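Structural overview for review
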Amino acid sequence: MIEKSFVRKKVKSLTLGEKLRQLREERHMRVYDLSHKINVKDSYIEALEKGQYNKLPTKVYVKGFVRSYARFFGVTEHVLLNLFEREYSVYNNINSKDEEETVNKLPYVPRFVFTPRVIMVGVGFLILGSIGVYLYFGVDNFISSPWLIVESPAQNSVVTQDSIVVQGKTRNNSRVFINGQQVFVGMDGSFTESVGLLQGVNIIHVKSANKFDKESAMDVIVDAQYVIEEPEKDVRLFVQTKKETITVSVLADGTNVYNGTIVMGDNKEFHAAKEIMITTDNGGGTLVSCDGENFIPLGEGNESIKDRVYDKDTRCDNIPKDDNDDSEKR
């Protein structure tokens, strides 16, 4: 009698991790993608699929992971949970694990996941924030007082020349005035201007104003200690009024040195190297002298005298004839 031999085939059932990995791979999903779908850290998914319970948090959280798998892949929850209970019980027996939950081993659950909608909302807030910042600084740039910096000269400077260069910066949409005179402002808000100085202490007033007339100003004090070399002047002329106030304009060697009124009691003295030219609105009321003692009227009546010239050869002891008056008489 021939004995038949039977070969028993061992049927291997899938572990929980293998089932979970199979569900994921059937959907052609990566661990990273699944992590974002069910809000479970990818390292926990890998440990769960490999059955590495030592790398997982406490039991209650792992059961939550299994439920997330089941719901996402449309599998009955209790099937996977029963399999997990058996495997986890064996794992505890082998490793003598205490079932007590520990607070220190909490799972990491992503609190924020980037999705297209989240990205679009973020971009929208970024654009709105940029517009808000632009409007804030734009409005502030126009309605607030402009800042002003004078880089040179330094406060209380002492110089030995009759001019100095003023340099500084302000907002590029502002106008700059130095001693009341507007100066050029560059695209970067910088300005440079040469300013004349009088002997002694000078106060340089610098002002910046925007379109809304908001102003910032500062005064820079400069002490000019220079010596004026007076040229040799051979022509002198003294001017005073006879009785009433007169209006006089005086040019010395072509330079206007006086333009104003002279009242009773004033005695103006003028010097020039070549010539002095005087204009008055009242010739008879304007008294002139070459030595400051003997004064004679510039004209005979109350007529105006224009551009009367006194040079080295002009005498002050008589009334020069005015060509304009002679031509009018003729």
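Everything numeric in this text was worked out from a predicted model, so none of it was measured.

**A look at the pattern of salt bridges**
- Applying the stated rule across the entire model yields 10 salt bridges.
- Three or more residues are tied together by salt bridges with common partners; here these are Lys-59, Lys-63 and Glu-85.

**Focus: helix H3 (residues 42-50)**
- Among the residues of H3, those classed as buried are Tyr-44, Ile-45, Ala-47, Leu-48 and Glu-49.
- In the core, the buried residues of H3 are packed alongside helix H1 (16-26), helix H2 (31-38) and helix H4 (59-73).
- Directly beyond the C-terminal end of H3, a positive phi value near 70° is found at Gly-51.

**Here's the deal with the environment of Leu-34**
- With respect to the helices and strands, the residue Leu-34 is situated in helix H2.
- The exposure class assigned to Leu-34 is buried, which follows from its relative accessible area of 0%.
- Residues Leu-34 and Arg-24, spaced 10 residues apart in sequence, show a C-alpha to C-alpha distance of 7.9 Å.
- When residues no more than four places from it in sequence are discounted, the contact partners of Leu-34 are Arg-24, Met-29, Ile-45, Tyr-69, Phe-72 and Phe-73.

**Observations concerning the nonpolar core**
- Core analysis: the largest hydrophobic core is formed by 26 residues, its most contacted members being Leu-16, Leu-48, Tyr-53 and Tyr-69.
- Every element with two or more residues in this core is listed here: H1, H2, H3, H4 and helix H5 (77-95).
- In contact with Tyr-69, other than residues within four places in its own chain, are Leu-20, Leu-34, Ile-38, Ile-45, Leu-48 and Glu-49.
- Ranked by size, the runner-up nonpolar core spans 19 residues in total, among them Val-248, Val-250, Ala-252 and Cys-316.

**A closer look at a nonpolar patch on the surface**
- Side chains of Ile-119, Val-121, Val-123, Phe-125, Ile-127, Leu-128 and Ile-131 sit close together on the surface and give an oily, nonpolar patch of about 670 Å² of accessible area.
- Looking at the element boundaries, Val-121 is found in helix H6 (residues 116-143).
- Val-121 gets classed as partly exposed once you look at its relative accessible area, which sits at 40%.

**What to know about the packing of H2 against H4**
- Where H2 meets H4, the closest approach of the two axes is 11 Å, and the angle between their N-to-C directions is 95°. The pairing of H2 with H4 is recorded here as roughly perpendicular in orientation. Contact residues: H2 offers Leu-34, Lys-37 and Ile-38, while H4 offers Ser-68, Tyr-69, Phe-72 and Phe-73.
- When grouped by side-chain class, the residues that make up the contact of H2 with H4 number five nonpolar, one polar and one charged.

**A few points about the side chain of Ser-157**
- When you line up the elements, Ser-157 lands in strand S2 (residues 157-159).
- Reaching out from Ser-157, the side chain makes a polar contact with the backbone oxygen of Ala-154 at a distance of 2.4 Å.
- Residues within four places of Ser-157 in sequence aside, it is in contact with Ile-221, Val-222 and Asp-223.

What counts and how
Residues numbered from 1 in each chain as written. Predicted model: local features only at pLDDT ≥ 70, side-chain atom pairs only at ≥ 80, totals over all residues. Heavy atoms only, no water. Salt bridge = Lys/Arg side-chain N within 4 Å of Asp/Glu carboxyl O. Buried < 20%, exposed > 50% of the residue type's maximum accessible area, 1.4 Å probe, protein only. Helix = DSSP H or I, 4+ residues; strand = E, 2+ residues; numbered from the N terminus. Contact = heavy atoms within 4.5 Å. Core = buried A, V, L, I, M, F, W, Y, C linked by side-chain atoms within 4.5 Å. Patch = residues over 30% accessible without salt bridge, like charges linked within 9 Å, V, L, I, M, F, W, Y side chains within 5 Å. Areas by Shrake-Rupley, 256 points an atom, 1.4 Å probe, with all protein chains shown as cover. Axes fitted to C-alpha atoms, helices over the stretch in contact; angles between N-to-C directions. Parallel < 35°, antiparallel > 145°, perpendicular 65-115°, else oblique. Nonpolar A, V, L, I, M, F, W, Y, C, P; charged D, E, K, R; others polar. Polar contact = N/O pair within 3.5 Å; in protein donor to acceptor, adjacent residues only side chain to side chain.

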